[in-house]
Structures are given as C-alpha cells and as structure tokens.
Amino acid sequence: MRDLIKYEIQKQRNYKFIQIVGIAILIFYIVMGMLGNMSLYAPWDPDYFLTHEEYRRAQKDMKHGVVDEIYAANWEKAYKEYVDEHRLSDKEIKKRLKMEKVEASVSDILYDWDYGNCVMSVEDFNTDEKDVLDSEYALIQYSKDPLSIITNTKTYAPRLAEDYLQCAKEHMEHMDIVAGYHHGWDIMVSINSQLPYTLGILLVVCFFSLFGTEWETGMKSLIQVSRYGRRKVVTAKLLYAVGITTLLWLVFQMAALIGTSIIYGLKGADCTVYEELYPCPYGFTYLQYYLLQSVIGYLGTLTFMLFVCVLSCLFRRRLSLMVGLGVILGAGAPITLFESVEPAFQTFDKIKVLMPTQIMGAFNTFQIYQGYEVGNHVIRLPQMTLIAIIAWITLFLIIIYRKESSYMFKK
C-alpha cells in the first residue's frame, strides 16, 4: 500500500503544470485575504480601512471588553467629550430641532445619541471616530436584549420561524457580549467563502486524471488483474488524494492566517459575532465561529475532492477537467441573499447550500438561521450540512469502488 501511494506521489511530481497552477492560486488567495476582496460578515470596507490611516487607528483603538455597566459608562463619557468638542451653537441646534419637529430643549437632547445629527454638523457626525462610537453604542443596546435583533422572521415558514426564535433563545438570551476590534477575524471567517475558486480549482487540476490516466492508456485492465489491483489500487489512490487535499487545505489556512495577521492583526478572537442585518443565532465568539466553520469546510473540501475523483472515474481526462471547472463556476459563488430583506433561503438555495462546492466554503452554515422541515421535525442547517457530507461521501465512495473495482478488459 505504501509503495502504491509513493507511486502516485511520484506521478504528480512530474506534472509541472500542477505545481505552477498551485503556486499561482496560493499567491492569489493570500493577496485576496490581505486586501479583503470578498463578501464580509461585518459591514466595513476593507479598501477604506487600508487607505485611511485615521480610520484604521480609530478601529484598532476600539475598547475591548465585556459590554456591561462599566463599558456603557465609559462610552457615555467618551461620547460626551466628543459632543462637547464638535457641538453646534445652541441657536443652530434649536433651528435643527424645529426642522425635525422635535419639541425638546437643547439640554435634554445634547448627549442623546438619537439626536446626534441635530447637535453636530454633517462632517462631524460622520467622522471615523464617531463611527467607532456608533459601533460601541449598537453593542451596548444589543447587550440589553440580545433577542431584540431577531426581528425578520416573517419570511420563514411558521415552524421554521418558531425554531429560529427557539435557537436564538437557547444561545443568546443570557450570553455576555464582548466588544472590540476584530477585523482580522471578519476576514478569516469570510475568506473561506472563496475556497471553491482557489483550492477547489487546484483540486480539480490535481485529481481530474487520478483514475482516468490508466483508462485512456489501456492500463486499467492490466492493473485490475495484477496482485495489487482493484480495491488496493483504488484505496491507495484515495489515501493519496486525502493526504494531498489535507496538506493543501492546511497550507491555504496558514497562508490566510499569516496574510491576515500581517495586514489586520488577529485581535478580538473572543469578541462576539454580531451583525444587525444577518445575526448569527448561535452566540459564537469569532474564534468559535472560525474553528467550527473550518471543521465543516475541511470535511466539505474532502467531499469535493471525492467528487472530482468520481469525475475522473466517469469521464476521460479533458471532459473530467471541463466538468469539474464548470461545477465550480456554476455553483461555487457564496449565497448572499441573506443580505436582503428576505433572509430565508428559497428551495433552490436550500439545495445549493448543501452542494460540495458550498460546503467547502462553509460561508452560510452558521451565519444566519436556515432550517429544513422533514416530516414533523425541523433540522437546522449545521446539522443538515453534516448529514449531507455523510451522504455525499458515501455516494461518491460507492461509485468509485464499484466503477474502479470491476473487471474491464480492453479489447
């Protein structure tokens, strides 16, 4: 078995094209991670972050810690200092209050966050420092009632909406909210959404001919009647593919970590995953989110590798390559419909999110609630994803072994 695996490794070493493509894709992946050119979990602009030093410094100086009474008091002090430094005159504030049809004195609303646009100029109301204060204020309000963020449940079927609220109550009702700078982890939980276009393409290039070479050269019949033919050869090829896939996946993860840490840093691993538009209902910290996403993504990557092996069994090499790349282009893009007013996936997206190309990115698995009604039960997307992984792997292995272990003599 060891000799068979070594032979497969030696065959791949002879393909310089694979090495060149692998290096090019890895470089692209690193640069993409450093520049943040992807769908982000949190709504901040990487381009603006990288090109504006004042904004970058303000974001990195965001207060870190549990959002409690002390955190709120410190924010209130900082906000008052900001207002005192940038406030308009009493006359101008009264004029703006009149235009907004607000009946209140200047002293009553001066330090009220809801009336910031009335007590400051447009320029001072939209500074980088004010943006950080706004983010901290949102977290303070969120900490008072985490479940208040779960508002858009009308687009779900009644049973799914009920389970959504139950899921949020289980994980969010009594959790501690931790705030702080976490942009590096925003990148890390988003960059894997591009794995189908990077690692996925590399896997297709590596394995599209794994089983097809012997078929096209007429060696398959000879191998199947040899001492180590049939199942042993298939097992050796699959073990080789699993080893290479695992190594490549680790290289890509390390590359992303290194590139992201250089540009953004990896502070804030213990910060709570929070976003108003599409809240994570599981109460994860960024580190927990990334680790769970990585586990699902790794299993999804192995599943996609087996899919490529199936293509290698069923088609000749050129067609196998074309079909593999076609699947990536057609089903590799992450689903981002949850950014709209209707976060519930429609039937097509519920099927698509369970495809191997989507599972290897694991972009949607934990990001927002999705569920499946199966009989009288509701299965949440993370659990359904694991079921899909088991089903895909089982199906692919059956196809590979049945196809490659049967006697086929070339006439």
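Only a predicted model underlies this, so the values are computations on that prediction, with no experimental measurement involved.

**Structural notes on the overall build of the protein**
- Scanning the protein from N- to C-terminus turns up 21 helices and 4 strands.
- Expressed as a percentage of its 411 residues, the buried residues of the protein come to 49%.
- Sequence separation of at least 24 residues holds for 79% of the intrachain contacts in the protein that already meet a minimum separation of 6.
- As displayed, the protein offers around 20500 Å² of accessible surface, 60% of which is attributable to carbon and sulfur atoms.

**As for the confidence of the model for the protein**
- Mean pLDDT over the protein stands at 82; residues scoring 70 or higher make up 82%.
- Predicted confidence is poor over residues 407-411, with pLDDT under 50, and the contacts of this stretch with residues over four places away or in other chains come to 11 contacts.

**Focus: a negative patch on the surface**
- Side chains of Glu54, Glu81, Asp84, Glu85 and Glu129 sit close together on the surface and give a patch of like negative charge.
- At 3 residues, helix H5 (residues 69-86) tops the list of elements feeding residues into the negative patch.
- With respect to the helices, strands and loops of the structure, Glu81 is situated in helix H5.
- With a relative accessible area of 47%, Glu81 lands in the partly exposed category.

**Regarding the side chain of Lys130**
- Residue position: Lys130 is located in helix H10 (residues 128-144).
- Apart from the residues lying within four places of it in its own chain, the contact partners of Lys130 are Tyr79, Tyr82, Trp113, Met120, Asp124 and Phe125.

**Structural notes on the nonpolar core**
- Grouped together as the largest cluster of nonpolar side chains are 39 residues, with contacts concentrated most on Val67, Ile93, Val119, Leu139, Tyr142, Tyr156 and Met172.
- For this core, the elements supplying multiple residues, two or more each, are H5, helix H6 (90-99), helix H7 (106-109), helix H8 (116-119), H10 and helix H11 (158-172).
- With 7 residues, the top contributor of residues to this core is H10.
- Filtering out sequence-adjacent residues up to four positions away, Val119 remains in contact with Val83, His86, Arg87, Leu88, Ile93, Ile109 and Leu110.
- Counting 33 residues, the second largest nonpolar core, distinct from the first, contains Tyr240, Phe252, Leu311 and Ile400.

**Describing the pairing of strand E4 (residues 377-380)**
- Across 4 bridges, strand E3 (residues 371-374) lies against E4 in antiparallel orientation. Residue pairing for E4: Gly371 is matched across the bridge by Arg380.
- Hairpin connection, E3 to E4: the antiparallel pair is bridged by 2 residues, and Gly375 has positive phi, about 65°.

**Observations concerning the packing of aromatic side chains**
- Tallied over the full model, the rule gives 20 aromatic pairs.
- Between Tyr164 and Tyr369 the ring centres are 4.9 Å apart and the planes differ by 10°, which places this aromatic pair in the stacked class. Taken together, the residues Tyr164 in helix H11 and Tyr369 in the loop between helix H20 (356-361) and E3 connect sequence positions 205 residues apart.
- Grouping aromatic residues by their ring pairs yields a cluster made of Phe49, Tyr55, Tyr181 and Tyr264.
- Over the ring of Tyr71 we find Lys63, and its NZ or CZ is 5.9 Å from the ring centre.
- Residue placement shows Lys350 over the ring face of Tyr372; its charged tip is 5.5 Å from the ring centre.

**Focus: the pattern of salt bridges**
- This model, assessed by the stated rule, comprises 9 salt bridges.
- Two residues, Glu136 and Lys63, come together in a salt bridge whose shortest N-O distance is 3.0 Å. Of this pair, Glu136 sits in helix H10 while Lys63 sits in the loop between helix H4 (53-60) and strand E1 (65-66), and the two are 73 residues apart along the sequence.
- Here Asp90 makes a salt bridge to Arg87, at a shortest N to O gap of 2.1 Å.
- Residue Arg87 is classed as partly exposed on the basis of its relative accessible area of 30%.
- A network of salt bridges, in which partner residues are shared, links Asp163, Glu170 and Arg380.

**Considering H10**
- Here H10 contains 17 residues, and its C-alpha end-to-end distance of 25 Å stays within 8% of the 24 Å for a straight helix at 1.5 Å per residue.
- Those residues of H10 that fall on the buried side of the exposure criterion are Asp128, Lys130, Val132, Leu133, Glu136, Tyr137, Ala138, Leu139, Ile140 and Tyr142.
- Buried residues along H10 sit against helix H3 (46-51), H4, H5, helix H9 (122-125), H11 and strand E2 (178-179).

**Things to note about the packing of helix H13 (residues 199-207) against helix H17 (residues 286-314)**
- Orientation of H13 relative to H17, taken along the N-to-C sense of each, is 35°, at an axis distance of 9 Å. With respect to the hand of their crossing, H13 and H17 are arranged in right-handed fashion. Within the contact between the two elements, H13 uses Leu199, Gly200, Leu203, Val204 and Phe207 and H17 uses Thr301, Phe304, Met305, Val308 and Ser312.
- Partitioning the contact of H13 with H17 into residue classes produces 7 nonpolar, 3 polar and no charged.

**Overview of the environment of Val234**
- Within the secondary structure layout, Val234 lies in helix H16 (residues 231-263).
- Separated by 167 residues in sequence, Val234 and Tyr401 have C-alpha atoms that sit 7.0 Å apart.
- In contact with Val234, not counting residues within four places along its chain, are Phe211, Ile400, Tyr401, Glu404 and Ser405.

**What about a nonpolar patch on the surface?**
- Taken together, the side chains of Met254, Ile258 and Ile262 define a hydrophobic patch exposed on the protein surface, amounting to about 310 Å² of accessible area.
- Relative to the assigned elements, Met254 resides in helix H16.

Thresholds applied
- Residues numbered from 1 in each chain as written.
- Predicted model: local features only at pLDDT ≥ 70, side-chain atom pairs only at ≥ 80, totals over all residues.
- Heavy atoms only, no water.
- Helix = DSSP H or I, 4+ residues; strand = E, 2+ residues; numbered from the N terminus.
- Buried < 20%, exposed > 50% of the residue type's maximum accessible area, 1.4 Å probe, protein only.
- Contact = heavy atoms within 4.5 Å.
- Areas by Shrake-Rupley, 256 points an atom, 1.4 Å probe, with all protein chains shown as cover.
- pLDDT = per-residue confidence, 0-100.
- Patch = residues over 30% accessible without salt bridge, like charges linked within 9 Å, V, L, I, M, F, W, Y side chains within 5 Å.
- Salt bridge = Lys/Arg side-chain N within 4 Å of Asp/Glu carboxyl O.
- Lys, Arg positive; Asp, Glu negative; His and termini not counted.
- Charge placed at Lys NZ, Arg CZ, Asp CG, Glu CD.
- Core = buried A, V, L, I, M, F, W, Y, C linked by side-chain atoms within 4.5 Å.
- Pairing = 2+ DSSP bridges.
- Phe/Tyr/Trp six-rings, centres within 6.5 Å; stacked < 30°, edge-to-face > 60°.
- Lys NZ or Arg CZ within 6 Å of the ring centre and 35° of its normal.
- Expected span 1.5 Å × (residues − 1).
- Axes fitted to C-alpha atoms, helices over the stretch in contact; angles between N-to-C directions.
- Left-handed = near helix turned anticlockwise from the far one by under 90°.
- Nonpolar A, V, L, I, M, F, W, Y, C, P; charged D, E, K, R; others polar.

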